[in-house]
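Structure assessment
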Amino acid sequence: MPVADAARAVSGKPNEVGNIIIDSEQAHMMLEAEGNFINYVDVDLKKTAPWSQNRPFDSEAILGIFSINPSELELARKQVHFHTYYDHKRKLKIGVSCQYEGAPLSVGFSSKYYRA
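To start, this report covers the structure provided alongside it. (Residues numbered from 1 in each chain as written. Predicted model: local features only at pLDDT ≥ 70, side-chain atom pairs only at ≥ 80, totals over all residues. Heavy atoms only, no water.)

This part covers the overall build of the protein chain. When you go through the protein chain residue by residue, the secondary structure sums to two helices and seven strands. In terms of C-alpha radius of gyration, the protein chain reaches 14 Å, essentially the compact-globule figure of 13 Å for 116 residues. Principal-axis analysis of the C-alpha atoms places the extent of the protein chain at approximately 35 × 35 × 20 Å. Within the span of the protein chain, comprising 116 residues, buried residues form 41% of the whole. (Helix = DSSP H or I, 4+ residues; strand = E, 2+ residues; numbered from the N terminus. Rg over C-alpha atoms; globule rule 2.2 N^0.38 Å. Buried < 20%, exposed > 50% of the residue type's maximum accessible area, 1.4 Å probe, protein only.)

Structural data, given as structure tokens:
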């Protein structure tokens, strides 16, 4: 999606490198730009912190927060701290993770690293 369209969609303003950062009480969302397009979105779910990388989590419930039906995805890899899915319909790689000890759970969306 072009940066300008993404900025309108989230009511945000791109920073000097084109990234759009949205903060709320619930989440911290970063839309990362590459050139004039958004190529990666990362959403930290603030109310899940502090989480442990050694503590399992239900990634299907986390995906449900985003109205994503896990049955429409391919679960490619499941580690305690990182679950990787592929959405073949939208050509996205989706990662649900605890990125570091004490972090909130986060969800990342990328078309750049999607592989069929």
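That was the structure; now back to the text.
The next point concerns the nonpolar core. Counting residues in each nonpolar core, the largest one holds 26 residues, and the members touching the most others are Ile 20, Ile 38, Leu 63, Ile 94 and Val 96. Secondary-structure elements contributing two or more residues to this core are helix 1 (3-10), strand 2 (27-34), strand 3 (37-45), helix 2 (59-65), strand 6 (92-98) and strand 7 (105-110). With residues up to four places along the chain from it excluded, the contact list for Ile 20 reads Val 3, Ala 6, Ala 7, Val 10, Gly 12, Lys 13, Pro 14, Met 29, Met 30, Leu 31 and Ile 38. (Core = buried A, V, L, I, M, F, W, Y, C linked by side-chain atoms within 4.5 Å. Contact = heavy atoms within 4.5 Å.)

Treat this as a map of the structure, not an account of what it does.
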